[in-house]
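The primary structure of each chain is shown beneath.
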Amino acid sequence: MKSKVRIIPFQVVEQLNQFRIIPFQVVEQLNQFNEVPEGVALIGAEQVWKQTKGRGITIAVLDTGCDVTHPDLQERIIGGKNFTQDDQQNPDIFQDYNGHGTHVAGTIAAAHNGTGVVGVAPEVGLLILKVLDGNGSGQYEWIIQGINYAIEQKVDIISMSLGGPSDVPELHEAIQDAVDQNILVVCAAGNEGDGEGFTDEFAYPGSYNEVISVGAVDLEKRSSVFSNSNNEVDVVAPGEKVVSTYLNGKYAALSGTSMATPHVAGALALIKVLSNEMFGRELTEPELYAQLIRRTLPLNESPREVGNGFVHLTVVEKLLREIQRQMTSEVIG
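Residues numbered from 1 in each chain as written. Predicted model: local features only at pLDDT ≥ 70, side-chain atom pairs only at ≥ 80, totals over all residues. Heavy atoms only, no water.

1. Section: the overall build of the chain
What the chain contains, in helices and strands, is nine helices and 17 strands. Restricting to contacts in the chain with at least 6 residues of sequence separation, those with at least 24 account for 74%. Total accessible area on the chain is roughly 13,900 Å²; 46% of this is exposed by carbon and sulfur atoms. (Helix = DSSP H or I, 4+ residues; strand = E, 2+ residues; numbered from the N terminus. Contact = heavy atoms within 4.5 Å. Areas by Shrake-Rupley, 256 points an atom, 1.4 Å probe, with all protein chains shown as cover.)

2. Concerning the pairing of strand β7 (residues 125-130)
The element β7 is largely enclosed, with a buried count of six among its six residues. Of the two faces of β7, the one lined by G125, L127 and L129 and the one lined by L126, I128 and K130 are each fully buried. For strand β5 (residues 58-63) and β7, the ladder comprises six bridges, and the chain directions are parallel. Within the sheet, the bridge partner assigned to L62 lies in β7 and is L129. Pairing of strand β6 (residues 77-82) with β7, which is carried by five bridges, proceeds in the parallel orientation. Residue pairing for β7: G79 is matched across the bridge by L127. The handedness of the β6 to β7 crossover, carried by helix α3 (residues 100-109), is left-handed. (Buried < 20%, exposed > 50% of the residue type's maximum accessible area, 1.4 Å probe, protein only. Pairing = 2+ DSSP bridges. Right-handed = clockwise from strand over helix to strand, strands pointing away.)

3. Describing a negative patch on the surface
A cluster of acidic side chains, namely E170, E173, D177 and D180, defines a negative patch on the protein surface. Following the sequence through the fold, D180 ends up in helix α5 (residues 169-180). Taking relative accessible area as the criterion, D180 reaches 59% and is therefore assigned exposed. (Patch = residues over 30% accessible without salt bridge, like charges linked within 9 Å, V, L, I, M, F, W, Y side chains within 5 Å. Salt bridge = Lys/Arg side-chain N within 4 Å of Asp/Glu carboxyl O. Lys, Arg positive; Asp, Glu negative; His and termini not counted. Charge placed at Lys NZ, Arg CZ, Asp CG, Glu CD.)

4. Some points on the environment of C187
Relative to the assigned elements, C187 resides in strand β11 (residues 184-188). What makes C187 buried here is its relative accessible area of 0%. Spatially, the C-alpha atoms of C187 and P262 are 8.8 Å apart, while their sequence positions differ by 75 residues. What C187 contacts, discounting residues up to four positions off in sequence, is M160, P205, G206, V211, I212, S213, V214 and T261.

5. Here we look at the pattern of salt bridges
Taken as a whole and assessed by the stated rule, the structure comprises six salt bridges. Of the charged contacts in the structure, one is a salt bridge between E123 and R55, with a shortest N-O distance of 3.2 Å. Here the residue E123 occupies a position in the loop between α3 and β7, and R55 occupies one in the loop between α2 (45-48) and β5, the gap between them amounting to 68 residues. Classification of E123 by relative accessible area gives partly exposed; the value is 25%. A salt bridge links K130 to D86, with the shortest nitrogen-to-oxygen separation between them at 3.0 Å. Taken together, the residues span a long stretch of sequence, with K130 in strand β7 and D86 in the loop between β6 and α3 at a distance of 44 residues. Taken as a pair, K130 and D86 share a single burial class, namely buried.

6. A look at the packing of helix α4 (residues 140-152) against α5
Between α4 and α5, the least distance of the axes is 9 Å, while the angle of their chain directions is 10°. Classified by the angle between their axes, α4 and α5 sit roughly parallel to one another. Considering only the axes of α4 and α5, their crossing is left-handed. When α4 is examined against α5, the residues Y140, I143, I144, I147, N148 and I151 are found in contact with a partner set consisting of E170, L171, A174, I175, D177 and A178. Taken together, the residues of the contact of α4 with α5 break down into nine nonpolar, one polar and two charged. (Axes fitted to C-alpha atoms, helices over the stretch in contact; angles between N-to-C directions. Parallel < 35°, antiparallel > 145°, perpendicular 65-115°, else oblique. Left-handed = near helix turned anticlockwise from the far one by under 90°. Nonpolar A, V, L, I, M, F, W, Y, C, P; charged D, E, K, R; others polar.)

7. Quick word on the packing of aromatic side chains
Evaluated as defined, the whole model comprises two aromatic pairs. Ring centres of F83 and Y149 lie 6.0 Å apart, and the angle between their planes is 70°; this geometry places the pair in the edge-to-face category. Of this pair, F83 sits in the loop between β6 and α3 while Y149 is found in helix α4, placing the two residues 66 residues apart along the sequence. Accessibility assignment for this pair places F83 and Y149 in one class, buried. Geometrically, the ring pair formed by Y204 and Y208 is tilted, given 5.1 Å between the ring centres and 50° between the ring planes. The exposure classification of Y204 matches that of Y208, with both residues buried. Cation over ring: K221 sits above F310, and NZ or CZ is 5.3 Å from the ring centre. (Phe/Tyr/Trp six-rings, centres within 6.5 Å; stacked < 30°, edge-to-face > 60°. Lys NZ or Arg CZ within 6 Å of the ring centre and 35° of its normal.)

8. Examining the nonpolar core
Of all hydrophobic cores here, the largest spans 51 residues; its most connected members are I59, I108, V124, L126, I157 and V264. The greatest single-element share of this core, amounting to ten residues, is contributed by helix α6 (residues 257-279). Among the nonpolar cores identified, the runner-up in size contains 31 residues, and L129, A150, V155 and C187 belong to it. (Core = buried A, V, L, I, M, F, W, Y, C linked by side-chain atoms within 4.5 Å.)

Okay, here's the thing in structure tokens:
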């Protein structure tokens with residue numbers, strides 16, 4: 001299968017060749033950083049950490065690999081595999097030579113160790129599946145193999161900040177197989193948006209109905225101009241100037257729906273722990289999706305741009321407190 005897929009592009013440079021793109025926008029590189037990233041704080045992750053940080057959940061990150069010695073990530077990596085031609089196709093070397101995968105991994109699960117950044121779910125286990133090479137591109141076959149491997153490893157969540165223009169039946173089937181195994185599949189919606197909510201921009205696998213398709217907003221919760229709009233967008237999360245881990249133990253601020261997606265993958269790890277404890281059983285994939293949608297804030301923009309809204313982990317608790325406050329006021333009154 002010769003079709004290729006790339007990390008979700010930030011900006012199309014020339015339409016003549018759909019793969020001649022800037023893979024993502026590097027806003028800033030940082031040697032040091034020591035705070036909770038704004039995006040992690042904005043979705044309410046810190047308020048949930050008193051209950052869970054995602055321990056016991058495994059997230060497969062299908063991307064360009066990971067900086068396996070990064071001080072914020074090395075303790076969170078539980079395994080990995082290389083499906084690309086990098087490093088003479090050695091399956092045991094899943095080092096990142098691009099930066100994209102390391103950044104995604106950090107937003108999901110950078111350790112809460114008092115230094116550097118911290119991820120949304122800082123105690124989850126990361127399974128690093130390198131399906132994109134150092135140039136940020138790869139064959140659909142590699143991604144399909146990565147998904148099947150994640151299924152074999154019985155992961156809880158698959159995170160894919162990648163996409164291509166083609167609807168490949170074998171890729172769709174692999175994703176359906178994962179969902180049938182109650183694995184939550186979270187994908188970037190894509191960065192071909194034109195800022196018009198009434199137009200369609202489709203990228204795959206983010207446009208498959210079975211996946212949780214994630215669009216991007218800025219830190220003011222305004223829809224990002226580059227974020228794809230279509231009727232398959234499920235939710236949005238921070239995707240502009242997102243600070244996370246980067247190559248060589250450093251940090252960087254990047255922008256793209258690629259950056260929004262790991263916020264949702266990490267949020268789902270926390271939601272799965274909380275929901276399973278609440279119900280006293282393992283919830284199914286549709287049930288967990290419903291729990292995610294319960295934790296969204298509606299935005300004053302088209303659902304084609306923002307789906308069900310902005311992911312916020314404590315919105316349910318805030319709503320319950322408001323209902324209780326109103327009931328108390330009525331009783332007193």
